[in-house]
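The lines below spell out each chain.
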Amino acid sequence: MKKFALLLLLISYSFSFAQENYKYIIVPKKFDFFKDENEYNTNFITKSFFEKEGFIVVYDTDNFPQELANNRCLALSAKAVKTSNLFVTKISIELMDCYNKVIYVSEQGASREKNFQKAYSESFRIALSSMSGKLNFKLSEISDKIVISTP
């Protein structure tokens, strides 16, 4: 029983340690299931949410900061997944690391609005608000400088 508890503790510690290096979120300028960029203002809603959560957010078409350009693994990529049917607009948000491994998936936001502008806005807000406070990826300052200490 002690071995199982120790193993569980080590796994949870390593998982939380791996999350500490994400400083940026990359949001696509156009989600896959839309025809136009920032259609229904969904990309801006997504960008604003992650900025409120404390991340530095860049669009995938922008010039990346030098730190991010040198190390893509400092960022998570946001992806919206649409599972709508005829009467309900359903959206969930996936966060993926630099190896395209899904790190976090939001709860599904759903709306029964008939107006697409309202339906997508509501679905995105519900999905994003389910992530609020749960993204405990600490911002890290990674330096390229080597410090040599002398005795």
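**Focus on the nonpolar core**
Grouped together as the largest cluster of nonpolar side chains are 24 residues, with contacts concentrated most on Ile25, Phe50, Ile93, Leu95 and Met131. Contributions of two or more residues to this core are made by strand E1 (24-27), helix H2 (42-52), strand E2 (56-59), strand E3 (75-82), strand E4 (89-96) and helix H4 (116-129). Considering every element that reaches this core, the biggest residue donor is H4, with four residues. Every residue in contact with phenylalanine 50, bar those within four places of it in the chain, is listed here: Ile25, Val27, Phe55, Val57, Ala78, Leu95, Leu128, Met131 and Leu135. Ranked by size, the runner-up nonpolar core spans six residues in total, among them Tyr24, Ile26, Val58 and Leu68.

**Details of H4**
Over its 14 residues, H4 extends 20 Å from the first C-alpha to the last, a length consistent with the 20 Å expected when each residue adds 1.5 Å. Its side-chain oxygen 2.9 Å from the backbone nitrogen of glutamine 117, asparagine 115 forms the N-cap of H4.

**Points about the packing of aromatic side chains**
For the coordinates displayed, the defined rule picks out 11 aromatic pairs. Centre to centre, the rings of phenylalanine 34 and tyrosine 40 are 5.7 Å apart; their planes meet at 70 degrees, and the pair counts as edge-to-face. Phenylalanine 34 gets classed as buried once you look at its relative accessible area, which sits at 5%. Between phenylalanine 49 and phenylalanine 50, the ring centres sit 5.2 Å apart and the planes meet at 70 degrees, which makes this aromatic pair edge-to-face. Exposure class is identical for phenylalanine 49 and phenylalanine 50. Each is buried. Cluster of aromatic residues (ring-pair linked, three or more members): Phe31, Phe33, Phe34, Tyr40, Phe116, Tyr120 and Phe124. Cation over ring: lysine 29 sits above tyrosine 59, and NZ or CZ is 4.2 Å from the ring centre.

What counts and how
- Residues numbered from 1 in each chain as written.
- Predicted model: local features only at pLDDT ≥ 70, side-chain atom pairs only at ≥ 80, totals over all residues.
- Heavy atoms only, no water.
- Core = buried A, V, L, I, M, F, W, Y, C linked by side-chain atoms within 4.5 Å.
- Buried < 20%, exposed > 50% of the residue type's maximum accessible area, 1.4 Å probe, protein only.
- Helix = DSSP H or I, 4+ residues; strand = E, 2+ residues; numbered from the N terminus.
- Contact = heavy atoms within 4.5 Å.
- Expected span 1.5 Å × (residues − 1).
- Polar contact = N/O pair within 3.5 Å; in protein donor to acceptor, adjacent residues only side chain to side chain.
- Phe/Tyr/Trp six-rings, centres within 6.5 Å; stacked < 30°, edge-to-face > 60°.
- Lys NZ or Arg CZ within 6 Å of the ring centre and 35° of its normal.

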